[in-house]
Amino acid sequence: MSCSALRSVALGAGAYLPERVVPNAWFEGFLDTSDEWIVARTGIRSRRFAAEGELTSDLAVAAARRALAAAGREADCVDAIILATSTPDHTFPSTATKVQAALGVRRGFAFDMQAVCAGFVFALATADALLRTGQARCALVIGAETFSRILDFEDRTTCVLFGDGAGAVLLEAAEGTGAPTDRGILAAKLHSDGAYRDILHVDGGPSSTGTAGKLRMAGREVFKHAVNKLADVAHEAMGAAGVTPAEIDWVVPHQANVRIIEATAKKAEIPAERVIVTVEHHGNTSAASIPLALAAAVEDGRIRPGDLLLMEAIGGGLSWGSAVLRW
């Protein structure tokens, strides 16, 4: 028997991509690669790079404002901001506090969350816990990255994969029945295993080198872990939510690589036509990729109120997670 329960209900989503479009052909000028090679292996045709002086916080603020507008709310409703990012403006303070100030929010709290490409799912789960326990009433969950600042442009296996961008979702605590028919976050499951930290990492940091460092990845190893771990955690989250793959209207996956997206959907028993794929246009934007895809699908009408969504992502750590949300 279901009973009354607080749910974290999504009110609106927004996204922002920098103006500069970088097509695959751009890399042909200095790397042994081609548009055909990149598309065949990743599905990526272009990505966006932030302009000089354009910071992660700038992208996050733009996405947050669009999420608020989509929800029909003003920033004064917000009492929690969680920003998922691996490319903060500064070592400290948190980039989330810069977003808080830029939006004119003077109450509540703001902090960053670092789980790399899984960051948005981790932030969503954290916001859900805070809303359901009464720590906050209305939360902005943002994923924002400027990965172009930590790429090694001599490494053709990594620099062609990533881009910059931001996406945001506004959540509000609302009374539900406790049943899977409720709107809002129905379940979230998170995992990490530091034994695999070296297969996807940045080779710098304040404590180790005193520099930001550059991204390093063992692509084949990451792919091997990604498909199995993502499918497993997707089933785990669906089980916790009390729903089946057949009930999922849309999968909104981390937009890393079209091969990973397709293989994971198949293993999770979700037909390809029910998967939102936007990686072609913005590449891997790490923590920003799920909210970017979500905002795009809401805006174009694919995702409608009442639709059941499955989100899943894996990133450095390794860290991975999945959430089930009824829009």
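Since we're looking at a predicted model, the values are computed, not measured.

### Some details on the nonpolar core
Residues F27, V160, V243, I248, L310 and V324 are the most contacted members of the largest nonpolar core, which totals 45 residues. Elements represented by at least two residues in this core include exactly β8 (184–192), α5 (219–241), α6 (258–267), β12 (308–315) and β13 (319–326). In this structure V324 touches G184, I185, L186, A187, A237, M238, A241, V243, L308, L309 and L310, once residues within four positions along its chain are discounted. A123, V169, L309 and M311 belong to the second largest nonpolar core, which has 42 residues in total.

### With respect to the confidence of the model for the protein chain
Summary statistics for the protein chain give a mean pLDDT of 97 and a share of 99% for residues scoring 70 or more. When mean pLDDT is taken per element in the protein chain, strand β4 (residues 80–84) scores highest with 99 and α6 scores lowest with 95.

### Thoughts on the packing of aromatic side chains
For the structure on display, the rule yields 8 aromatic pairs. Considering the side-chain rings of W26 and F30, the 5.0 Å spacing of their centres and the 80 degrees angle between planes classify their relative orientation as edge-to-face. Residue class for W26 comes out partly exposed when judged on its relative accessible area of 35%. Relative accessible area serves as the criterion here: at 39%, F30 is assigned to the partly exposed category. Between the aromatic rings of W26 and F49, the centroid separation amounts to 6.1 Å while the plane-to-plane angle is 85 degrees, which identifies the pairing as edge-to-face. Taken together, the residues span a long stretch of sequence, with W26 in the loop between β2 (20–23) and α1 (35–42) and F49 in strand β3 (residues 46–49) at a distance of 23 residues. Of the aromatic side chains, those joined through ring pairs into one cluster are W26, F27, F30, F49 and F153. The side chain of R20 reaches across the aromatic face of W26, ending 5.2 Å from its centre. For the cation-ring pair, K229 lies above W320, with the distance from its terminal atom to the ring centre recorded as 5.2 Å.

### Some points on α6
Listed in full, the buried residues belonging to α6 are V258, I260, I261, T264 and A265. Buried residues along α6 cover an arc of 160 degrees about the axis, so they all sit on one side. Exposed side chains of α6 directed beyond 90 degrees from the buried face belong to E262 and K266.

So, how was this worked out
- Throughout, a residue's number is its position along its own chain's written sequence, starting from 1.
- Selection of residues for local features in this predicted model requires a pLDDT of at least 70, selection of side-chain atom pairs for listing and counting requires 80 or more, and totals for whole chains, interfaces and linings are taken over all residues.
- Side-chain measures here rest on the full set of heavy atoms in the structure, leaving out hydrogens and waters.
- Think of a nonpolar core as a cluster: buried Ala, Val, Leu, Ile, Met, Phe, Trp, Tyr and Cys residues, connected wherever their side-chain atoms sit within 4.5 Å.
- Buried residues are those whose accessible area, probed at 1.4 Å on protein chains only, stays under 20% of the maximum for their type, while exposed residues exceed 50% and partly exposed ones sit between those limits.
- Per the convention used, a helix needs a DSSP run of H or I reaching at least four residues, while a strand needs a run of E reaching at least two, with both numbered from the N terminus.
- Any two residues having at least one pair of non-hydrogen atoms within 4.5 Å are treated as being in contact.
- The score called pLDDT rates the predictor's confidence residue by residue, from a low of 0 to a high of 100.
- Here a pair means two rings of Phe, Tyr or Trp (six-membered ring of Trp) with centres within 6.5 Å. Their orientation is stacked below 30 degrees between planes, edge-to-face above 60, and tilted elsewhere.
- Geometrically, a charge over a ring is one whose NZ (Lys) or CZ (Arg) sits within 6 Å of the ring centre while staying within 35 degrees of the ring normal.
- To be clear, the arc concerns the directions from the helix axis to the C-beta atoms.

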